[in-house]
Amino acid sequence: MIILDTKGQAHGERRGFSEQQEPPLFGATAIVSAAALKERFAPTDTDSLAHTGVSLTVDDDLSDMAGYFPHLAMVELVFSQFKDGRPFSTAVVLRRDFEFKGAILAAGDFLPDQALFLLRAGFSAFVVPEQFTAKQFKSALLAYSVAYQPGLGGAPDLLKTLRDPPTAVAAG
Amino acid sequence: MYTYDTLDKALLNQRVAEFREQVKRRIAGELTEDQFKPLRLMNGLYLQTHAYMLRVAVPYGTLSSDQMRKFAYIARTYDRGYGHFTTRQNIQFNWIELGSTPDILYDLSEVDLHAIQTSGNCIRNVTADPFAGAAADELDDPRVWSEIIRQWSTLHPEFSFLPRKFKIAVTGADADRAAIKFHDIGLKIVRNDAGDLGFQVFVGGGQGRTPFVAPLIRPFLPAKDILRYLDAALRVYNQHGRRDNIYKARIKILVDSLGADQFSLDVEREFEKLDPDLLAVNEKEVERIRDMFALPYLRPDTDAQAGLEQAMEQSNPLRRWCETNTEVHKVPGYAIATVSLKPVGGIPGDATADQMDTVADLADRYSLGEIRVTYTQNLVLPHVRVADLPLLWAALDQISLATANAGLVTDIIACPGLDYCTLANARSIPLAQRISERFADLDAQHNIGPLDIRISGCINACGHHHAGHIGILGVDKKGVELYQLTLGGQGNRDSAIGKILGPGFDEDGIIGAVENVIATYLNMRTIGETFSETLQRKGHSPFKERLYDHT
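The written sequence of each chain sets the order in which its residues are numbered from 1. Written order decides the labels, with chains lettered from A and ligands numbered from 1. Only residues with pLDDT of at least 70 are given local features in this predicted model, and only at 80 or more are side-chain atom pairs given and counted; all residues enter the totals for whole chains, interfaces and linings. Only hydrogens and water are set aside; all other atoms, that is, all heavy atoms of the structure, feed into the side-chain values.

We now examine the overall build of chain A. Summing up its helical and strand segments, chain A has five helices and seven strands in all. Only runs of H or I of at least four residues qualify as helices and only runs of E of at least two qualify as strands under DSSP, and these elements are numbered from the N terminus. Secondary structure elements of chain A occur, N-terminal to C-terminal, as β-β-β-α-α-β-β-α-β-α-β-α. Counting across all 172 residues of chain A, residues that qualify as buried make up 52%. In what follows, residue pairs with any heavy atoms lying within 4.5 Å of each other are defined as contacts. Relative to all contacts within chain A whose residues are 6 or more apart in sequence, the contacts with residues 24 or more apart total 48%. Per-residue and other accessible areas were derived by the Shrake-Rupley procedure at a 1.4 Å probe size, with only the shown protein chains allowed to occlude residues. About 7,500 Å² of surface is accessible on chain A, with carbon and sulfur atoms providing 54% of the total. Under the scheme applied here, a residue whose accessible area is under 20% of the maximum for its type counts as buried, over 50% as exposed, and between as partly exposed, the area being computed with a 1.4 Å probe on protein chains only.

Written as structure tokens, this is what we have:
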């Protein structure tokens with residue numbers, strides 16, 4: 001499946017869990033499940049973790065893996081369905097609480113219309129779901145030039161921006 | 001009032017363009033209905049029994065006269081000449097074609113209006129006190145904070161796909177006219193002992209299948225931290241709210257299952273992790289917004305009341321209207337006037353395009369161009385000179401909007417029910433109309449005194465039946481519409497959930513049951529005692545005994 005980063009650039013393909021990720025995806029030569037990560041590696045295996053990505057479901061508990069995150073190359077967050085917005089918060093928490101600096105990849109069931117939300121919540125790239133095209137995602141990334149909240153992606157934070165003076169002070 | 005600057009307008013225009021594209025993709029078959037549904041819902045577009053329904057936000061219940069005229073235009077151009085004001089201060093147009101919706105949103109954007117997040121599992125339009133900026137008992141204008149919350153919550157990247165919908169209400173007065181304790185988060189503006197402005201935070205209120213009055217989880221939150229705290233609370237909810245059962249997905253269930261104390265601790269823990277500066281409310285921005293809501297100087301007129309008394313002596317209908325439909329304004333010589341959308345036998349909350357245009361003109365003439373929408377489905381002209389009340393009343397009377405029943409038995413809140421809504425089990429509107437006709441006599445209504453009747457056509461409780469002094473819930477029992485009666489609900493600062501009185505009634509039976517309950521009250525009340533006070537003093541038993549012995 002095609003992978004796009006949040007600038008709309010293609011990044012090869014997402015291969016299966018048992019396959020060698022070639023070329024490496026955001027530094028990861030292999031992507032493993034949460035269970036496999038804990039089984040195969042210790043948080044101290046920093047050299048191996050530097051070439052490893054972990055794929056997390058919405059039910060995986062991040063606190064179980066706290067020691068791994070600073071060393072992992074990449075984290076994939078899988079949307080079980082596009083209506084389940086937990087991965088947006090997971091991305092925020094990964095960046096803030098677990099100091100994860102690597103790439104966060106969105107996978108699973110999500111819509112092009114969520115692309116900007118993904119970018120602004122801290123995702124770095126997404127595996128384009130089969131029923132959509134890369135073009136739809138690229139176009140969605142350009143839908144807004146402004147946002148009201150602080151977030152990633154370069155849009156001005158309107159709550160902190162010096163705004164226009166009111167055009168007219170209306171009553172009441 | 002808040003007026004959009006170039007940045008607000010840019011975002012709104014981009015939203016309109018995005019939705020135009022989404023509708024195009026849906027019509028072309030590139031989006032399935034399942035994929036389109038959450039996108040259209042985030043633009044307030046429902047598929048109802050007969051047609052698409054578009055719910056347009058009235059931001060925290062405040063409208064300008066030009067915005068009201070735009071509603072009239074939409075009603076005439078795209079609907080059947082009327083609109084329906086809802087129990088969340090919004091307006092719904094019930095006969096919309098999908099292909100027209102991008103044009104409607106474009107038309108609305110011309111006057112800074114939109115349908116963003118009026119549905120879907122996201123943060124909805126903020127509810128506020130409809131008397132904001134005019135009420136004599138107000139500590140601070142809740143619209144300032146509601147606008148800040150509106151901006152923060154609009155197209156929020158993290159909180160647009162929550163477990164369920166999320167409703168926030170703000171009041172700046174002790175008398176709660178926004179039912180804040182029946183919201184997911186209720187904010188009451190307070191000052192601490194040092195005189196600093198802040199909020200009491202209530203979380204986990206709601207109606208529906210499992211009603212709760214929200215517990216207080218933060219007695220004082222400094223005003224500058226409001227967004228940081230909301231961010232923390234929403235993140236806890238987004239991560240831990242249930243998603244396996246739609247009926248258990250609201251934050252009230254999470255708060256109840258964890259306990260308010262534990263939920264509060266979880267939020268505080270998250271709050272502490274957040275960078276205090278990242279979401280600190282910018283004081284300059286608060287002042288910019290506050291300036292736009294500032295009331296211009298109004299010259300106090302302490303003699304106006306005497307003139308009104310004279311006019312009322314000449315006209316009993318005017319007197320009755322002033323008694324029920326006007327409230328004290330913070331400036332002597334001014335009044336807050338409620339425009340009843342509950343004419344006898346009418347559909348609660350409905351207004352025709354002509355009525356909307358006339359109300360807009362009257363707002364320009366008598367109320368500084370401002371209109372409010374109440375969650376009780378009425379309109380308000382918030383800044384009327386007391387001396388102008390007779391003229392306003394006469395003008396409203398000409399368009400059938402001067403019914404002197406605000407807060408009385410025929411000021412019924414009702415959801416659209418089975419007539420429009422696909423979720424409903426029973427009809428609400430015809431029931432409201434029949435009760436209204438039964439108690440049409442204004443003298444009798446004024447004799448009965450303050451009494452809220454609220455009707456929901458299903459357990460989702462859009463008609464707020466849990467919070468009605470008399471609540472009516474429509475249920476489907478083996479294909480038959482039945483109505484359950486509850487007594488004792490309150491949607492004010494003493495919020496309470498009504499208790500079911502006994503077995504349900506059919507449509508004829510429920511009318512009789514309401515009559516019976518009111519007759520029981522009239523028999524038992526002491527001089528000057530309201531329905532609620534009698535119920536509190538005597539309890540439910542006498543009502544139950546009389547009702548089920550006689551029906």
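Take the sheet that holds strand β14 (residues 370-373) of chain B next. All names here are of chain B. The rule for pairing is simple: two strands pair if DSSP sees at least two bridges between them. Pairing in this open sheet of five strands is antiparallel, and the strands run β3-β14-β15-β12-β11 from one edge to the other. The sheet terminates laterally at β3 (62-64) and β11 (326-328), the two strands that pair on one side only. For this sheet the average axis-to-axis angle between neighbouring strands, irrespective of direction, equals 30°. As paired strands, strand β12 (residues 334-339) and strand β15 (residues 379-385) are joined by five bridges and run antiparallel to one another. From the neighbouring strand, Ala335 faces β15, where its bridge partner is Val384. The axes are straight lines fitted to the C-alpha atoms, using for helices just the contacting stretch, and the angles between their N-to-C directions are given from 0 to 180°. Lying on the sheet, helix α12 (residues 353-366) is in contact with β14 and β15; it crosses β15 at an angle near 25°.

Once that is clear, we can look at the packing of helix α1 (residues 6-27) of chain B against helix α4 (residues 101-109) of chain B. Residue and element names in this part refer to chain B. Direction vectors running N to C along α1 and α4 enclose 175°, while the axes themselves pass 9 Å from each other. It follows from the interaxial angle that α1 and α4 lie roughly antiparallel. Between α1, through Leu12, Asn13, Val16, Phe19, Arg20 and Val23, and α4, the contact on the second element is made entirely by Thr101, Pro102, Asp103, Leu105, Tyr106 and Ser109. Only Asp, Glu, Lys and Arg are considered charged, only Ala, Val, Leu, Ile, Met, Phe, Trp, Tyr, Cys and Pro nonpolar, and every remaining residue, Gly among them, polar. Within the contact of α1 with α4, the residues separate by chemical class into seven nonpolar, three polar and two charged. Here the angle decides the label: under 35 degrees means roughly parallel, over 145 means roughly antiparallel, 65 to 115 means roughly perpendicular, and every other value means oblique.

Working definition: rings of Phe, Tyr and Trp (its six-membered ring) pair if their centres are within 6.5 Å, and the pair is stacked with planes under 30 degrees apart, edge-to-face with planes over 60 apart, and tilted otherwise. Applying the stated criterion to the full structure yields 25 aromatic pairs over all chains. Here the aromatic rings of Phe132 of chain A and Phe137 of chain A are separated by 6.3 Å at their centres, their planes lie at 75°, and the arrangement is edge-to-face. You can call Phe132 of chain A buried: its relative accessible area is 6%. Taking relative accessible area as the criterion, Phe137 of chain A reaches 0% and is therefore assigned buried. The rings of Phe79, Phe88, Phe110, Phe117, Phe123, Phe126, Phe132 and Phe137 of chain A together with Phe161 of chain B are connected pair by pair, giving a single aromatic cluster. Taking NZ or CZ as reference, Arg14 of chain A lies 5.1 Å from the ring centre of Phe17 of chain A, over its face. Any Lys NZ or Arg CZ that is within 6 Å of a ring centre and within 35 degrees of that ring's normal is treated as a charge sitting over the ring.

We now examine the interface of chain A and chain B. Opposite the 42 residues of chain A that make contact, chain B presents 60 residues. The term buried area means the drop in 1.4 Å probe accessible area that two parts suffer when joined, counted for both and summed. Summed over both partners, the interface of chain A with chain B comes to about 4,300 Å²; 55% of that surface belongs to carbon and sulfur atoms. Each reported salt bridge corresponds to a side-chain nitrogen of Lys or Arg within 4 Å of a carboxyl oxygen of Asp or Glu. Linking chain A to chain B there are five salt bridges. Any pair of nitrogen or oxygen atoms within 3.5 Å is treated as a polar contact; in protein, a donor-acceptor pairing is required on top of that, and neighbouring residues in sequence qualify only through side-chain atoms on both sides. Taken together, chain A and chain B are joined by 16 residue pairs in polar contact (both at pLDDT 80 or more). Taken together, the elements giving at least two residues each to the side of chain A that touches chain B come down to α3 (86-96) and α4 (115-121) of chain A. Here the side of chain A that touches chain B takes six residues from α3 of chain A, the largest share from any one element. Among the residues making up the side of chain A that touches chain B, the classes are represented as 22 nonpolar, 10 polar and 10 charged.

Attention now moves to the domain arrangement of chain B. All names here are of chain B. Marked domain ranges trace back to an automatic or database domain assignment. Its domain assignment divides chain B into domain 1 (6-109), domain 2 (135-290), domain 3 (304-398) and domain 4 (413-550). The C-alpha-based centres of domain 1 and domain 2 are spaced at 26 Å. The interface is formed by eight residues belonging to domain 1 together with 12 residues belonging to domain 2. In total, domain 1 and domain 2 occlude about 860 Å² of area from one another, counting both sides; carbon and sulfur atoms represent 65% of this. For the interface between domain 1 and domain 2, the tally reads one salt bridge. For the side of domain 1 that touches domain 2, the element with the highest residue contribution is α1, accounting for three residues.

Note on terminology: a nonpolar core comprises buried Ala, Val, Leu, Ile, Met, Phe, Trp, Tyr and Cys residues joined through side-chain atoms within 4.5 Å. With 164 residues, the main nonpolar core has Phe69 of chain A together with Met68, Phe71, Trp145, Ile185, Phe199 and Trp321 of chain B as its most contacted residues. A per-element tally of this core places helix α6 (residues 226-240) of chain B first, with nine residues. Those residues within four positions of Phe69 of chain A in sequence are excluded, and the remaining contacts are Val54, Leu56, Leu62, Val75, Leu94, Phe98 and Phe100 of chain A. Ile412, Ile448, Ile511 and Val514 of chain B belong to the second largest nonpolar core, which has 31 residues in total.

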